[in-house]
Amino acid sequence: MDDYRDRISRLPDDFLLQILSRLPTKDVVAMSLLSKRWRFLWTLVPKLNFDVRLHDNTCPKFTKFVDRSLLLHKAPTLESLRVKIGSICHNADVDVSVWVRIAVDRGVRELDISYCPAEEPIRLPKCLFPCATLVVLKLENMSLVDASSYVCFKSLKTLHLLDVKYFDEQSLPHLLSSCYVLEDLVVQRCPGDNVKIVSVNAACLKTLTLHKSSQAFEGDDDGFLIAAPKLKRLDIEDYWGGFCYIENMPEVVEANVDVIYKTTERILGSLTSVKRLALCLMTSDAAYPTGTVFSQLVHLELCTCAPRWWDLLTRVIEDSPKLRVLKLRQKHIRRTSSPGASWKQPVSLPKGLSLETFKWELYEGTQKQKEVAKFILKHGIRLKKVIVSPKPSSSLLEKHEMLKELSSAPRGSSTCKLLVKTAKNIPKMDRISELPDALLLQILSLVKTKERVATSLLSKRWETLWTLVPKLDFHLERGSDSEFVNRSLLLHRAPVLESFSLKVDTFQVSPLDIGLWIRTAVSHGVRELKLDYTTNEDPIRLPRSFYTCQALLVLKLKNANLVGFSSNSSSVCFQSLKILHLLLVTYSDEKSLETILSSCSSLKDLVIECCPNDNVFIFTINVPSLQSLSLNRSAKYYRNNCLGFVINAPSLKYLNIRDYRGSFCLAEDMPELVEANVEVGYDKLDELMGSLTSVKRLSICSTKLNAPCPTTFQQLVHLEICTCKPEWWNLLVCLLTATPKLRVLKLKRTHKDCSKGGCWNEPGFVPDCLLTSLEYFEWRRYKGTKGQSDLVTYILRNACHLKMVKILTETDDPEEQLEMIKKLAFSPRASITCQVDFD
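Owing to the predicted nature of the structure, the values given are computational and were not obtained by experimental measurement.

Novice: Account for the overall build of the chain, with residues named and values stated.
Specialist: Helix and strand counts for the chain stand at 19 helices and 42 strands. Counting across all 839 residues of the chain, residues that qualify as buried make up 48%. Residue pairs at least 24 apart in sequence account for 60% of intrachain contacts in the chain once pairs closer than 6 positions are excluded. As displayed, the chain has an accessible area near 40,700 Å², and 52% of this comes from carbon and sulfur atoms.

Written out as structure tokens, the structure reads:
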């Protein structure tokens, strides 16, 4: 009955544990009631996540659940422990202390403890501070008064301290000095944390976030000292005054500075390497030292809540020569501006503004705002886009007046577009129409030509855009479709025709029209040409100009007639062609194909599907540059001993040959061959197999190869054998003895089963690959017959390095599958690590 389980229960334990690790532990434990399969699985989950809110905020119930979960937990390592506990737990300090001790004893790597901020902080046990396994530590409303003792967080990379209480001023620096590899630090201060100045000295730190939002800190004696030479991202928010001193940080890329300090010179003066900067300051003159240049700054966001924010904007614009994006936005309640304050326009803009994008959110249209906006429009000589979002409380009339005034303002850039967004943040023009032509042409290249032409009705922006698309594809199902192809080609104005694809499913299309279209494509320098002529008519004959198209890179033909050239002349030239597919193509004679291939000096990929009446008995492939070759002889052929292939491709890496009607395939040595698929019915296979000695992956369906094998495959590691033929057993033995490095063996049946009557006979000796290299064995459409069972038993008994045996049965009957399992379950195994998987 196991086979009728839900699909998720059939997943391997490792995968299920990963899924369960993403859920709260309460939900994970509840799954133990599903079935025996899930009963104890939750105890192996390496991550535990407890939240008192999921237990109806009931303390005794929550505490008991956490205790029992930790007691029953059996995972070898505790990857993560998260606990969110509230003030309803009267013994929270004792409970948390116990849970932290257990986590430390189990080598916890991530610890996240959060307690209700309104209560007295919880005191953490001393055993936490020398925990060398911790990689992530996140604490909220905790007390680190015992951190003055021995501290060692040598593996810690992420540290978040929110509303944490310290022993004294030196506790935090002492803690940070023990974090040798710390990369991410978040500190959110709280009243009564016993610290006046937060000192951060971390050589490896890359991300730093500092918050101080409580009114209890109001004054100038609270601050931050930062020394982090490797810092890349900085975020400081301090709304209650103080100071922040920063040593030079040459690697900072992004910074957010939102403070009300009287001076920020010691902050911004150290951020000269920043590329993205967000500012909300109360000062402009003391923002940063005179002479400072933000040489790398390309993206600036400025808050407009300060009384004279425009003065700060002027300074930064003058000192940021590479600024590309400017965004203005009011983040906080605006403070009253100074009466009579005026805006001083930037004076040092020798080359004009370098801005490309200007955004203004919550624009009100005041006099000062108008002056700033008009200045940027006038001097932004590279400006491409201006987006203005009026304040939501503005009336429709006010919004109209704002747009009218800005639209009439002079612009320094002729390509600048002014967009006004509504309160719902929806631009008036559809976004896709704003994209550049090059990108729109790429998008249009992905849709059918008929749909592409239909876009011309959208607007004037799209009226002629489709004519510039460098790709054309047509599917003709009616004779009337010819007119559409004619008009499309006449109106096409792309300088080069990258691709021309033509599929004809009706006899009503004139071959003369098809020839005309191909000549037109050739005259436009077509690089990829596809022709699929799938009617019941005779193959389509191609025009002569087609054979000298030197621009062609890809050519794919189906049901075409290549008879329009002389085999003895130089009238064929495909010097750039790299991909050639010839499906059901007819030729003048055998020399025709040879002439075409000899003209393809750069050919890499060749596909040939033979057909009756193609006028070729022996296909000769002589292409030195060829890397991939696929040969397929149609089943419509009658058996003929004169049919065959001759291959000379010394650079070939991939070979695929399917031929059950021919009699031979002669191939010269192919030393670079990596992968081959051979499905043939030849009486003699030795000559072909002798050319595949360098192959690493081989798939074969044939019976005409008997032991001993005429050659040895020294590089072969992956072998697939089709079991549809009666004597496939002999083929298996032959190849096992000739593949000393084989690692993967797969048996499959891809054709009609004709294997009745064959049986497995053990060879007189054990092949070397079973003793030294075979690791994986798979059998698809396994029936469980005596011969098949004996073969699997033989491999299990002799494969010393086998790791996995996968059996995919042909039957869906659970009883039959059970019998198959019983036969193999107790078979002796040479490899103690081998696993047998039935499906």
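Novice: Tell me about helix 19 (residues 814-825), and please be specific about residues and values.
Specialist: An ideal rise of 1.5 Å per residue puts 16 Å on twelve residues; helix 19 measures up with 16 Å between its terminal C-alpha atoms. Of all the positions in helix 19, only Gln817, Met820 and Leu824 are classed as buried. In an axial view of helix 19, the angular spread of the buried residues amounts to 60°, which keeps them on one side of the axis.

Novice: I'd like to hear about the sheet that holds strand 12 (residues 223-227), residue by residue, with values.
Specialist: Pairing is parallel in the open sheet, where three strands are placed in the order 10-12-14. Among the strands making up the open sheet, the edge pair consists of strand 10 (197-201) and strand 14 (243-246). Within this sheet the neighbouring strands show an average axis-to-axis angle of 10°, counted without direction. In this structure, strand 12 lies alongside strand 14, joined through four bridges in parallel fashion.

Novice: With reference to specific residues and values, describe unusual backbone geometry.
Specialist: Non-glycine residue leucine 362 carries a positive phi angle of around 60°. With respect to the element layout, leucine 362 can be found in strand 19 (residues 357-363). Its identity as a non-glycine residue notwithstanding, asparagine 615 has a phi of 70°, on the positive side.

Novice: Can you lay out the packing of helix 3 (residues 59-72) against helix 4 (residues 92-105) for me, pointing to particular residues and giving the numbers?
Specialist: In a packed pair of helices, the relevant descriptors are the angle between the two axes and the axis-to-axis distance. Taken N-terminus to C-terminus, the directions of helix 3 and helix 4 make an angle of 15°; their axes are 11 Å apart at the nearest point. Considering their axes alone, helix 3 and helix 4 lie roughly parallel with respect to each other. Crossing handedness for the pair helix 3 and helix 4: left-handed. Along its contact with helix 3, which presents Phe62, Thr63, Val66, Asp67 and Leu70, the element helix 4 presents Asp95, Trp99 and Ile102. A breakdown of the residues in the contact of helix 3 with helix 4 according to their chemical character gives five nonpolar, one polar and two charged.

Novice: Tell me about the pattern of salt bridges, and name the residues and values.
Specialist: It is possible for side chains bearing opposite charge to pair when their charged atoms get close. Overall, the coordinates contain 28 salt bridges when judged by the stated rule. Between aspartate 258 and lysine 331 there is a salt bridge, with the nearest N and O atoms lying 3.3 Å from each other. Taken together, the residues span a long stretch of sequence, with aspartate 258 in strand 15 (residues 254-259) and lysine 331 in the loop between strand 18 (325-329) and strand 19 at a distance of 73 residues. Classification of aspartate 258 as buried rests on a relative accessible area of 2%. Residues participating in the shared-partner salt-bridge network are Arg189, Asp193, Lys196 and Asp222.

Novice: Explain the environment of aspartate 193 to me, using residue names and the numbers behind them.
Specialist: Topologically, aspartate 193 is positioned in the loop between strand 9 (184-188) and strand 10. A sequence separation of 49 residues divides aspartate 193 from leucine 144, and the C-alpha atoms of the two residues are 9.8 Å apart.

Novice: Go over the packing of aromatic side chains, please, and point to the residues and values.
Specialist: In this structure the tally under the stated criterion is 17 aromatic pairs. With a centroid separation of 5.9 Å and an interplanar angle of 40°, the aromatic rings of phenylalanine 619 and phenylalanine 645 are classed as tilted. One end of the pair, phenylalanine 619, is in strand 31 (residues 618-622); the other, phenylalanine 645, is in strand 33 (residues 644-648), with 26 residues separating them in the sequence. Judged by relative accessible area, which is 0%, phenylalanine 645 ranks as buried. Members of the aromatic cluster, each reached through a chain of ring pairs, are Trp309, Trp310, Phe358, Trp360 and Tyr363. Its end group placed over the ring of tyrosine 245, arginine 266 keeps NZ or CZ at 4.6 Å from the ring centre. The positively charged end of lysine 450 is found above the aromatic ring belonging to phenylalanine 484, 6.0 Å away from the centroid.

Novice: How would you explain the environment of tyrosine 115 if you had to name every residue and give the values?
Specialist: Within the secondary structure, tyrosine 115 sits in strand 3 (residues 110-115). Judged by its relative accessible area of 8%, tyrosine 115 falls in the buried class. Tyrosine 115 sits 19 residues away from valine 96 along the chain, and the two C-alpha atoms are 9.7 Å apart. Contacts of tyrosine 115, omitting those with residues within four sequence positions, involve Ile85, Gly86, Ser87, Ala92, Glu120, Ile122, Glu140, Asn141 and Met142.

Novice: Describe the state of the cysteines, naming the residues involved and giving the relevant values.
Specialist: Counted under the stated rule, the structure contains zero disulfides. Not part of a disulfide, cysteine 303 finds its nearest cysteine sulfur in cysteine 305, a span of 3.4 Å. Here cysteine 600 stays free of any disulfide, with the sulfur of cysteine 573 as its closest cysteine sulfur at 9.0 Å. The class of cysteine 600 is buried, set by a relative accessible area of 2%.

Novice: Please set out the pairing of strand 37 (residues 697-701) residue by residue, giving values where relevant.
Specialist: With four of its five residues buried, strand 37 lies for the most part within the structure. By the bridge criterion, five bridges tie strand 36 (residues 675-680) to strand 37 in an arrangement that is parallel. Counterpart to glutamate 675 in the pairing with strand 37 is arginine 697.

Novice: Report on the sheet that holds strand 8 (residues 165-166), specifying residues and quantitative values.
Specialist: Hydrogen bonds along the backbone pair up the strands of a sheet, which may run parallel or antiparallel. Taken in spatial order, the three strands of this open sheet run 4-6-8, and their pairing is parallel. Of all the strands in the sheet, just strand 4 (122-123) and strand 8 have a single pairing partner and so form its edges. The pairing of strand 4 with strand 6 (residues 142-144) spans two bridges and is classified as parallel. Looking at strand 6, one finds that isoleucine 122 is bridged to methionine 142.

Novice: Before we move on, can you summarise helix 8 (residues 367-379) with the specific residues and values?
Specialist: Over its 13 residues, helix 8 extends 18 Å from the first C-alpha to the last, a length consistent with the 18 Å expected when each residue adds 1.5 Å. The complete set of buried residues in helix 8 reads Gln369, Val372, Ala373, Phe375, Ile376 and Leu377.

Novice: I'd love a proper account of the nonpolar core, names of residues and values included.
Specialist: In terms of nonpolar packing, the biggest core is built from 118 residues, with Ile85, Phe153, Ile226, Leu234, Leu268, Leu271 and Leu279 touching the most fellow members. Isoleucine 226 has contacts with Val200, Leu208, Leu210, Leu234, Ile236, Cys244, Tyr245, Ile246, Glu247 and Met249, leaving out every residue within four places of it along the chain. Within the second largest apolar cluster, 109 residues are counted, among which are Leu629, Leu688, Leu732 and Phe777.

Novice: Run through a nonpolar patch on the surface, naming residues and quoting values.
Specialist: Together, Ile8, Phe15 and Ile19 make up an exposed nonpolar region whose accessible area comes to about 240 Å². Mapping isoleucine 19 onto the fold places it in helix 1 (residues 13-20). Judged by its relative accessible area of 32%, isoleucine 19 falls in the partly exposed class.

Novice: Could you give an account of the confidence of the model for the chain, naming the residues involved and the relevant values?
Specialist: Of the residues in the chain, 90% have a pLDDT of 70 or more, and the chain-wide mean is 83. Low pLDDT, under 50, characterises residues 423-429; the stretch is placed with ten contacts to residues that sit more than four places away or in other chains.

Novice: For the pairing of strand 18, give the residues involved together with the corresponding values.
Specialist: Across the two faces of strand 18 the burial differs, with Leu326 and Leu328 buried and Val325, Lys327 and Arg329 not buried at all. Across five bridges, strand 17 (residues 299-303) lies against strand 18 in parallel orientation. Across the sheet, residue leucine 300 finds its bridge partner in strand 18, namely leucine 326. Since strand 17 and strand 18 lie parallel, the crossover through helix 7 (residues 309-318) that links them has a hand, and here it is right-handed. Pairing between strand 18 and strand 19: four bridges, direction parallel. What sits directly across from lysine 327, in strand 19, is lysine 359.

Novice: With reference to specific residues and values, describe the side chain of serine 69.
Specialist: As for its position among the elements, serine 69 is in helix 3. Here serine 69 falls in the buried class, since its relative accessible area comes to 2%. Not counting the four nearest positions on each side in its chain, serine 69 is found in contact with Thr25, Val29, Trp42 and Phe50.

What counts as what
Residues numbered from 1 in each chain as written. Predicted model: local features only at pLDDT ≥ 70, side-chain atom pairs only at ≥ 80, totals over all residues. Heavy atoms only, no water. Helix = DSSP H or I, 4+ residues; strand = E, 2+ residues; numbered from the N terminus. Buried < 20%, exposed > 50% of the residue type's maximum accessible area, 1.4 Å probe, protein only. Contact = heavy atoms within 4.5 Å. Areas by Shrake-Rupley, 256 points an atom, 1.4 Å probe, with all protein chains shown as cover. Expected span 1.5 Å × (residues − 1). Arc of directions from axis to C-beta. Pairing = 2+ DSSP bridges. Axes fitted to C-alpha atoms, helices over the stretch in contact; angles between N-to-C directions. Parallel < 35°, antiparallel > 145°, perpendicular 65-115°, else oblique. Left-handed = near helix turned anticlockwise from the far one by under 90°. Nonpolar A, V, L, I, M, F, W, Y, C, P; charged D, E, K, R; others polar. Salt bridge = Lys/Arg side-chain N within 4 Å of Asp/Glu carboxyl O. Phe/Tyr/Trp six-rings, centres within 6.5 Å; stacked < 30°, edge-to-face > 60°. Lys NZ or Arg CZ within 6 Å of the ring centre and 35° of its normal. Disulfide = S-S within 2.5 Å. Core = buried A, V, L, I, M, F, W, Y, C linked by side-chain atoms within 4.5 Å. Patch = residues over 30% accessible without salt bridge, like charges linked within 9 Å, V, L, I, M, F, W, Y side chains within 5 Å. pLDDT = per-residue confidence, 0-100. Right-handed = clockwise from strand over helix to strand, strands pointing away.

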